[in-house]
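# Understanding the architecture of this molecule
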Amino acid sequence: MTKIVVVGDVMLDVTIECEVSRVSPEAPVVVGRERCRRRALGGAANVAANLKALGVEEVDLYGDCGNDAAAAEIAALCASAGINYYNARTDDAGGATVKTRYTANAQLVFRHDIDRASSCTKDAQIRNTDTVNLEGADVVVFSDYDKGVVQAYDVGTLITRCHERAIPSVADCKPSNLPAFRGAAIITPNAAELTAMCDRYLPCSRDAGILASTYEFEWVVCTKGSFGIEAYTKPGLRNSTIVIPSEHTRKVYDVAGAGDVVVAAIASRMAANPHRAMREILEFANTAAGLSVEQPGTTTVTLDAVDAAQVQERA
(Lines give C-alpha, C1' and ligand atoms only; values in the text may rest on other atoms or scores of the structure.)
Protein backbone atom coordinates (compact mmCIF):
# COMPACT_ATOMS: atom_id res chain seq x y z
CA MET A 1 0.00 0.00 0.00
CA THR A 2 1.30 3.47 -0.89
CA LYS A 3 0.90 6.26 1.64
CA ILE A 4 1.75 9.95 1.37
CA VAL A 5 1.51 12.57 4.10
CA VAL A 6 0.74 16.14 2.99
CA VAL A 7 1.39 19.10 5.31
CA GLY A 8 0.42 22.52 4.05
CA ASP A 9 -1.87 25.46 3.48
CA VAL A 10 -5.36 24.07 2.98
CA MET A 11 -7.81 26.18 0.97
CA LEU A 12 -11.19 26.17 -0.72
CA ASP A 13 -11.30 27.07 -4.41
CA VAL A 14 -14.57 28.41 -5.83
CA THR A 15 -15.17 29.02 -9.54
CA ILE A 16 -18.18 31.08 -10.62
CA GLU A 17 -18.96 30.87 -14.33
CA CYS A 18 -20.76 33.94 -15.63
CA GLU A 19 -22.46 34.99 -18.83
CA VAL A 20 -21.45 38.48 -19.91
CA SER A 21 -23.65 40.29 -22.42
CA ARG A 22 -23.82 43.92 -21.32
CA VAL A 23 -22.08 46.80 -19.57
CA SER A 24 -23.34 48.16 -16.28
CA PRO A 25 -25.19 51.52 -16.43
CA GLU A 26 -23.59 52.38 -13.07
CA ALA A 27 -19.94 52.23 -14.19
CA PRO A 28 -17.87 51.13 -17.23
CA VAL A 29 -17.74 47.49 -16.08
CA VAL A 30 -19.28 44.33 -17.49
CA VAL A 31 -22.21 42.63 -15.76
CA GLY A 32 -21.82 38.91 -15.15
CA ARG A 33 -24.88 36.72 -14.73
CA GLU A 34 -23.98 33.63 -12.72
CA ARG A 35 -24.52 30.37 -14.61
CA CYS A 36 -22.94 27.87 -12.23
CA ARG A 37 -20.70 27.67 -9.18
CA ARG A 38 -18.13 24.95 -8.48
CA ARG A 39 -16.23 24.24 -5.27
CA ALA A 40 -13.00 22.29 -5.11
CA LEU A 41 -10.15 21.56 -2.74
CA GLY A 42 -7.34 24.08 -3.10
CA GLY A 43 -3.72 24.46 -2.06
CA ALA A 44 -2.41 21.51 -0.06
CA ALA A 45 -5.86 19.91 -0.26
CA ASN A 46 -5.66 20.01 -4.06
CA VAL A 47 -2.31 18.23 -3.85
CA ALA A 48 -3.96 15.58 -1.68
CA ALA A 49 -6.89 15.22 -4.10
CA ASN A 50 -4.52 14.75 -7.03
CA LEU A 51 -2.52 12.16 -5.12
CA LYS A 52 -5.69 10.11 -4.70
CA ALA A 53 -6.57 10.54 -8.38
CA LEU A 54 -3.06 9.42 -9.34
CA GLY A 55 -3.45 6.15 -7.50
CA VAL A 56 -1.99 6.75 -4.03
CA GLU A 57 -3.96 4.47 -1.76
CA GLU A 58 -3.71 6.39 1.53
CA VAL A 59 -3.33 10.17 1.79
CA ASP A 60 -3.11 11.97 5.14
CA LEU A 61 -3.57 15.75 5.00
CA TYR A 62 -2.50 18.03 7.86
CA GLY A 63 -3.62 21.65 7.72
CA ASP A 64 -4.63 24.63 9.79
CA CYS A 65 -7.80 26.23 8.48
CA GLY A 66 -10.02 27.11 11.42
CA ASN A 67 -13.63 26.32 12.06
CA ASP A 68 -15.94 28.28 9.76
CA ALA A 69 -18.33 27.18 7.00
CA ALA A 70 -15.54 27.04 4.41
CA ALA A 71 -13.45 24.84 6.72
CA ALA A 72 -16.42 22.51 7.14
CA GLU A 73 -16.83 22.35 3.37
CA ILE A 74 -13.14 21.47 2.99
CA ALA A 75 -13.56 18.65 5.51
CA ALA A 76 -16.59 17.32 3.60
CA LEU A 77 -14.77 17.45 0.24
CA CYS A 78 -11.79 15.62 1.77
CA ALA A 79 -14.06 12.91 3.14
CA SER A 80 -15.71 12.52 -0.27
CA ALA A 81 -12.29 12.15 -1.94
CA GLY A 82 -11.11 9.56 0.60
CA ILE A 83 -8.51 11.87 2.17
CA ASN A 84 -7.71 11.55 5.88
CA TYR A 85 -7.85 15.20 6.94
CA TYR A 86 -6.48 16.50 10.24
CA ASN A 87 -7.33 20.13 10.94
CA ALA A 88 -5.01 21.57 13.59
CA ARG A 89 -7.32 24.46 14.47
CA THR A 90 -10.85 23.13 14.92
CA ASP A 91 -11.24 24.92 18.27
CA ASP A 92 -10.59 28.32 16.70
CA ALA A 93 -13.35 30.57 15.37
CA GLY A 94 -11.04 31.69 12.54
CA GLY A 95 -11.76 30.65 9.01
CA ALA A 96 -10.22 29.02 5.96
CA THR A 97 -8.55 30.71 3.01
CA VAL A 98 -10.98 30.90 0.07
CA LYS A 99 -10.08 31.80 -3.51
CA THR A 100 -13.07 32.71 -5.68
CA ARG A 101 -12.55 33.03 -9.43
CA TYR A 102 -15.12 34.67 -11.72
CA THR A 103 -14.92 33.52 -15.33
CA ALA A 104 -16.69 34.43 -18.57
CA ASN A 105 -16.30 32.73 -21.93
CA ALA A 106 -13.50 30.53 -20.54
CA GLN A 107 -11.53 33.58 -19.39
CA LEU A 108 -10.69 34.64 -15.85
CA VAL A 109 -12.29 38.02 -15.20
CA PHE A 110 -11.67 38.58 -11.50
CA ARG A 111 -10.37 36.74 -8.44
CA HIS A 112 -11.51 37.46 -4.90
CA ASP A 113 -9.36 36.10 -2.04
CA ILE A 114 -10.15 35.68 1.64
CA ASP A 115 -6.78 35.05 3.30
CA ARG A 116 -6.56 33.41 6.71
CA ALA A 117 -2.99 33.19 7.96
CA SER A 118 -2.14 30.91 10.86
CA SER A 119 -2.21 32.37 14.38
CA CYS A 120 -0.46 29.44 16.05
CA THR A 121 1.86 30.08 18.96
CA LYS A 122 5.23 28.33 19.28
CA ASP A 123 3.73 25.82 21.74
CA ALA A 124 0.93 25.08 19.27
CA GLN A 125 3.48 24.71 16.49
CA ILE A 126 5.38 22.06 18.46
CA ARG A 127 2.13 20.28 19.34
CA ASN A 128 1.00 20.30 15.73
CA THR A 129 4.35 18.94 14.55
CA ASP A 130 4.23 16.09 17.07
CA THR A 131 0.75 15.10 15.89
CA VAL A 132 1.88 14.49 12.30
CA ASN A 133 2.03 10.71 12.00
CA LEU A 134 4.75 9.58 9.59
CA GLU A 135 4.28 5.87 10.30
CA GLY A 136 4.16 3.96 7.03
CA ALA A 137 4.64 7.05 4.86
CA ASP A 138 6.42 6.56 1.55
CA VAL A 139 6.74 10.31 0.84
CA VAL A 140 5.99 13.53 2.73
CA VAL A 141 4.81 16.58 0.77
CA PHE A 142 4.94 20.19 1.98
CA SER A 143 2.59 22.60 0.19
CA ASP A 144 3.48 26.17 1.18
CA TYR A 145 1.32 29.01 -0.10
CA ASP A 146 2.67 31.45 2.49
CA LYS A 147 -0.63 31.26 4.38
CA GLY A 148 0.85 29.98 7.64
CA VAL A 149 2.09 26.40 7.28
CA VAL A 150 5.58 27.48 8.39
CA GLN A 151 4.04 29.13 11.45
CA ALA A 152 1.67 26.24 12.20
CA TYR A 153 4.23 23.43 11.79
CA ASP A 154 7.94 23.23 12.56
CA VAL A 155 8.79 21.99 9.08
CA GLY A 156 12.50 21.74 9.89
CA THR A 157 11.74 19.20 12.62
CA LEU A 158 9.44 17.30 10.28
CA ILE A 159 12.15 17.14 7.60
CA THR A 160 14.60 15.86 10.22
CA ARG A 161 12.09 13.17 11.17
CA CYS A 162 11.84 12.25 7.48
CA HIS A 163 15.62 11.85 7.28
CA GLU A 164 15.61 9.64 10.39
CA ARG A 165 13.04 7.37 8.74
CA ALA A 166 14.54 7.52 5.22
CA ILE A 167 11.35 9.14 3.89
CA PRO A 168 11.87 11.50 0.92
CA SER A 169 10.17 14.88 1.16
CA VAL A 170 8.91 17.12 -1.65
CA ALA A 171 8.40 20.82 -0.92
CA ASP A 172 6.50 23.34 -3.01
CA CYS A 173 7.63 26.40 -1.08
CA LYS A 174 7.52 30.16 -1.54
CA PRO A 175 10.84 32.00 -1.91
CA SER A 176 10.41 33.86 1.40
CA ASN A 177 10.17 30.55 3.29
CA LEU A 178 12.93 28.65 1.48
CA PRO A 179 15.35 28.34 4.45
CA ALA A 180 12.67 26.57 6.52
CA PHE A 181 12.71 23.69 4.01
CA ARG A 182 16.45 23.03 4.10
CA GLY A 183 17.15 19.34 3.59
CA ALA A 184 14.03 18.48 1.60
CA ALA A 185 14.72 15.94 -1.13
CA ILE A 186 13.02 18.01 -3.85
CA ILE A 187 11.69 21.55 -4.16
CA THR A 188 9.43 22.56 -7.06
CA PRO A 189 9.53 26.32 -7.81
CA ASN A 190 8.25 27.80 -11.02
CA ALA A 191 10.65 29.90 -13.11
CA ALA A 192 9.79 33.21 -11.41
CA GLU A 193 10.08 31.67 -7.94
CA LEU A 194 13.44 30.09 -8.76
CA THR A 195 14.77 33.43 -9.96
CA ALA A 196 13.55 35.07 -6.75
CA MET A 197 15.20 32.34 -4.65
CA CYS A 198 18.55 32.74 -6.39
CA ASP A 199 18.38 36.55 -6.19
CA ARG A 200 17.53 36.44 -2.50
CA TYR A 201 19.79 33.66 -1.24
CA LEU A 202 22.60 33.49 -3.83
CA PRO A 203 23.53 37.13 -4.44
CA CYS A 204 26.56 36.16 -6.54
CA SER A 205 25.00 33.38 -8.58
CA ARG A 206 21.85 32.26 -10.34
CA ASP A 207 22.94 28.64 -10.48
CA ALA A 208 20.10 26.40 -9.28
CA GLY A 209 22.64 23.63 -8.67
CA ILE A 210 24.43 25.84 -6.15
CA LEU A 211 21.06 26.54 -4.53
CA ALA A 212 20.58 22.78 -4.18
CA SER A 213 24.02 22.38 -2.65
CA THR A 214 23.61 25.34 -0.27
CA TYR A 215 20.26 24.19 1.12
CA GLU A 216 20.93 20.44 0.90
CA PHE A 217 18.26 19.65 -1.69
CA GLU A 218 18.73 16.57 -3.84
CA TRP A 219 16.89 18.23 -6.73
CA VAL A 220 15.55 21.66 -7.63
CA VAL A 221 12.71 20.99 -10.08
CA CYS A 222 11.70 24.11 -12.00
CA THR A 223 8.35 24.16 -13.81
CA LYS A 224 8.50 26.36 -16.92
CA GLY A 225 4.95 26.30 -18.25
CA SER A 226 4.77 25.52 -21.96
CA PHE A 227 8.57 25.00 -22.02
CA GLY A 228 8.36 21.93 -19.79
CA ILE A 229 10.39 21.10 -16.70
CA GLU A 230 14.07 21.46 -15.82
CA ALA A 231 15.72 19.83 -12.81
CA TYR A 232 19.07 20.65 -11.22
CA THR A 233 21.18 18.87 -8.64
CA LYS A 234 24.51 19.66 -6.98
CA PRO A 235 27.28 20.87 -9.35
CA GLY A 236 29.85 18.31 -10.44
CA LEU A 237 27.52 15.31 -10.30
CA ARG A 238 26.84 13.24 -13.40
CA ASN A 239 23.63 14.26 -15.18
CA SER A 240 23.31 17.30 -12.90
CA THR A 241 20.67 18.85 -15.18
CA ILE A 242 17.60 17.17 -16.66
CA VAL A 243 15.50 18.94 -19.30
CA ILE A 244 12.00 17.66 -20.07
CA PRO A 245 10.48 19.65 -22.95
CA SER A 246 6.75 19.68 -23.56
CA GLU A 247 5.96 17.02 -26.16
CA HIS A 248 2.79 18.66 -27.47
CA THR A 249 1.46 22.17 -27.80
CA ARG A 250 -1.60 22.24 -25.57
CA LYS A 251 -4.50 24.63 -25.37
CA VAL A 252 -4.05 26.41 -22.05
CA TYR A 253 -7.50 26.81 -20.55
CA ASP A 254 -6.56 27.54 -16.93
CA VAL A 255 -3.23 27.28 -15.06
CA ALA A 256 -4.87 27.22 -11.61
CA GLY A 257 -3.51 24.31 -9.59
CA ALA A 258 -0.98 23.16 -12.20
CA GLY A 259 1.86 23.41 -9.67
CA ASP A 260 -0.12 21.22 -7.27
CA VAL A 261 -0.47 18.60 -9.99
CA VAL A 262 3.29 18.58 -10.61
CA VAL A 263 4.02 18.06 -6.91
CA ALA A 264 1.43 15.30 -6.64
CA ALA A 265 2.71 13.58 -9.79
CA ILE A 266 6.31 13.59 -8.57
CA ALA A 267 5.38 12.32 -5.11
CA SER A 268 3.04 9.61 -6.43
CA ARG A 269 5.74 8.19 -8.74
CA MET A 270 8.29 8.21 -5.91
CA ALA A 271 5.85 6.41 -3.62
CA ALA A 272 5.00 3.77 -6.23
CA ASN A 273 8.68 3.00 -6.90
CA PRO A 274 11.41 4.64 -4.75
CA HIS A 275 14.06 3.51 -7.25
CA ARG A 276 12.41 5.10 -10.28
CA ALA A 277 14.71 7.30 -12.37
CA MET A 278 14.25 11.04 -11.94
CA ARG A 279 13.86 11.58 -15.69
CA GLU A 280 10.95 9.13 -15.78
CA ILE A 281 9.34 10.85 -12.77
CA LEU A 282 9.63 14.26 -14.41
CA GLU A 283 8.25 13.03 -17.74
CA PHE A 284 5.19 11.78 -15.89
CA ALA A 285 4.84 15.08 -14.00
CA ASN A 286 5.20 17.12 -17.19
CA THR A 287 2.43 15.17 -18.90
CA ALA A 288 0.17 15.50 -15.86
CA ALA A 289 0.71 19.27 -15.76
CA GLY A 290 -0.12 19.54 -19.45
CA LEU A 291 -3.41 17.76 -18.91
CA SER A 292 -4.30 19.96 -15.94
CA VAL A 293 -4.00 23.28 -17.79
CA GLU A 294 -6.44 22.05 -20.46
CA GLN A 295 -9.22 21.92 -17.86
CA PRO A 296 -11.10 24.84 -16.28
CA GLY A 297 -10.52 25.75 -12.64
CA THR A 298 -8.80 23.66 -10.00
CA THR A 299 -9.01 20.06 -11.17
CA THR A 300 -7.56 16.62 -10.60
CA VAL A 301 -5.70 14.50 -13.14
CA THR A 302 -6.14 10.75 -13.07
CA LEU A 303 -3.50 8.06 -13.42
CA ASP A 304 -5.32 6.53 -16.39
CA ALA A 305 -5.40 9.89 -18.18
CA VAL A 306 -1.66 10.47 -17.70
CA ASP A 307 -0.80 6.93 -18.79
CA ALA A 308 -2.93 7.31 -21.93
CA ALA A 309 -1.38 10.70 -22.74
CA GLN A 310 2.13 9.32 -22.35
CA VAL A 311 1.32 6.48 -24.75
CA GLN A 312 0.10 9.07 -27.26
CA GLU A 313 3.25 11.18 -26.77
CA ARG A 314 5.49 8.20 -27.51
CA ALA A 315 3.54 7.13 -30.59
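Residues numbered from 1 in each chain as written. Predicted model: local features only at pLDDT ≥ 70, side-chain atom pairs only at ≥ 80, totals over all residues. Heavy atoms only, no water.

### Examining the overall build of the chain
We apply this condition: Each helix corresponds to a stretch of at least 4 residues labelled H or I by DSSP, and each strand to a stretch of at least 2 residues labelled E; elements are numbered beginning at the N terminus. Type-normalised accessible area, obtained with a 1.4 Å probe on protein chains alone, sets the label of each residue: buried when under 20%, exposed when over 50%, and partly exposed for intermediate values. In this analysis, two residues are considered to be in contact whenever any of their non-hydrogen atoms come within 4.5 Å of each other. Using a 1.4 Å probe, accessible areas were evaluated by the Shrake-Rupley method; residue-level cover was limited to the displayed protein chains. Under this rule, positive means Lys or Arg and negative means Asp or Glu; His and the chain ends count for nothing. We put the charge of a Lys on NZ, of an Arg on CZ, of an Asp on CG and of a Glu on CD.
On a plain count of helices and strands, the chain comes out with ten helices and 13 strands. Across its three principal axes, the chain shows a C-alpha extent of roughly 65 × 50 × 45 Å. Each of the 315 residues in the chain was classed as buried or not, and the buried ones make up 52%. If you take every contact in the chain between residues at least 6 apart in sequence, the share linking residues at least 24 apart comes to 66%. With the model as given, the accessible surface of the chain reaches about 14,600 Å², and the carbon-plus-sulfur share is 49%. One way to put it: in the chain the 31 positive side-chain charges average out to a point 3 Å from where the 40 negative ones average out.

### Some remarks on the pattern of salt bridges
The cut-off we apply is this: Salt bridges are defined as contacts in which a side-chain nitrogen from Lys or Arg sits within 4 Å of a carboxyl oxygen from Asp or Glu.
All chains considered together, the criterion is met by 13 salt bridges. The salt bridge partner of E17 is R38, with a shortest N-O separation of 2.3 Å. Pair noted here: E17 is in strand 2 (residues 10-23) and R38 is in strand 3 (residues 30-43), with a separation of 21 residues, a long-range link. When its relative accessible area of 26% is taken as the criterion, E17 is described as partly exposed. Of the charged contacts, one joins D199 and R206 as a salt bridge, the two residues approaching to 3.0 Å between their closest N and O atoms. We classify R206 as exposed; its relative accessible area is 59%.

### Re a nonpolar patch on the surface
Formally: Residues enter a patch when their relative accessible area is above 30% and they make no salt bridge; the linking distance is 9 Å between like charges and 5 Å between nonpolar side chains (Val, Leu, Ile, Met, Phe, Trp, Tyr).
Where nonpolar side chains cluster on the molecular surface, the patch consists of V23, V30, Y102, V109 and F110 and spans about 460 Å² of accessible area. By the element assignment, V30 lies in strand 3.

### A closer look at the packing of helix 8 (residues 258-272) against helix 9 (residues 278-293)
Counted only if it meets this: Geometry is summarised by axes, namely lines fitted to C-alpha atoms with helices restricted to the contacting stretch, and by angles between N-to-C directions that run from 0 to 180 degrees. Left-handed is the label given to a crossing in which the near helix is rotated counterclockwise from the far helix by less than a right angle, and right-handed is the label when the rotation is clockwise.
Packing of helix 8 against helix 9 brings their axes to within 8 Å, and their N-to-C directions diverge by 145°. As helix 8 runs across helix 9, the sense of the crossing is right-handed. Across the interface between the two elements, A258, V261, V262, A265, I266, S268, R269 and M270 of helix 8 pack against I281, L282, F284, A285, A288, A289, S292 and V293 of helix 9.

### Some details on the nonpolar core
Condition: Residues enter a nonpolar core if they are buried and are Ala, Val, Leu, Ile, Met, Phe, Trp, Tyr or Cys, with the set joined through side-chain atoms within 4.5 Å.
Grouped together as the largest cluster of nonpolar side chains are 58 residues, with contacts concentrated most on V6, L61 and I266. For this core, the element with the highest residue contribution is helix 8, accounting for nine residues. Those residues within four positions of L61 in sequence are excluded, and the remaining contacts are V6, V10, A44, A45, A48, C78, I83, N84, Y85 and Y86. Counting 37 residues, the second largest nonpolar core, distinct from the first, contains F142, A171, L194 and V220.

### Considerations on helix 6 (residues 191-201)
Since one α-helical turn is 3.6 residues long, residues separated by three or four positions face the same way. Quick note on the threshold: As used here, the arc belongs to the directions running from the helix axis to the C-beta atoms. For this analysis, a polar contact is any N or O atom pair within 3.5 Å, provided that within protein one partner can donate a hydrogen and the other can accept it, and provided that sequence-adjacent residues contribute only side-chain to side-chain pairs.
Where helix 6 is concerned, the buried positions are E193, L194, M197, C198 and Y201. Here the buried residues of helix 6 occupy an arc of 135° about the axis, which is enough to place them on one side. Opposite the buried face of helix 6, by more than 90 degrees, sit the exposed residues A192 and R200. The inward-facing, buried residues of helix 6 abut strand 10 (186-187), helix 7 (208-214), strand 11 (219-223) and strand 12 (229-232). Capping the start of helix 6, N190 holds a side-chain oxygen 3.2 Å from the backbone nitrogen of A192, two or three residues further along.

### Digging into the sheet that holds strand 2
To keep things clear, this is the line we draw: Think of it this way: DSSP has to see at least two bridges between two strands before they count as a pair.
Spatial ordering of the open sheet is given by 3-2-6-7, a layout of four strands whose pairing is mixed. One side of each edge strand has no neighbouring strand; the edge strands of this open sheet are strand 3 and strand 7 (107-114). The average undirected angle you get between the axes of adjacent strands in this sheet is 20°. The pairing of strand 6 (residues 97-104) with strand 7 spans seven bridges and is classified as antiparallel. Residue pairing across strands places V98 opposite I114, the latter belonging to strand 7.

### Description of empty space enclosed by the protein
Put simply, the test is: The way it works is a 1 Å grid over only the protein atoms, where trapped points that fit a 1.4 Å probe form a cavity and open points with protein on both sides within 12 Å along at least five of seven lines form a pocket, and then any residue with an atom within 4 Å of a point lines it. Grid points are joined across faces, edges and corners, and a volume is the space filled by probe spheres set on the points. Three classes are used, and their members are as follows: Ala, Val, Leu, Ile, Met, Phe, Trp, Tyr, Cys and Pro are nonpolar, Asp, Glu, Lys and Arg are charged, and the others, Gly among them, are polar.
Scanning the model with the defined rule gives one cavity of 30 Å³ or more in all. Around the largest cavity, the lining is made up of 16 residues, and of these D9, V10, D64, R116 and K147 lie nearest the centre. For the lining of the largest cavity, a count of residues per class yields six nonpolar, five polar and five charged.

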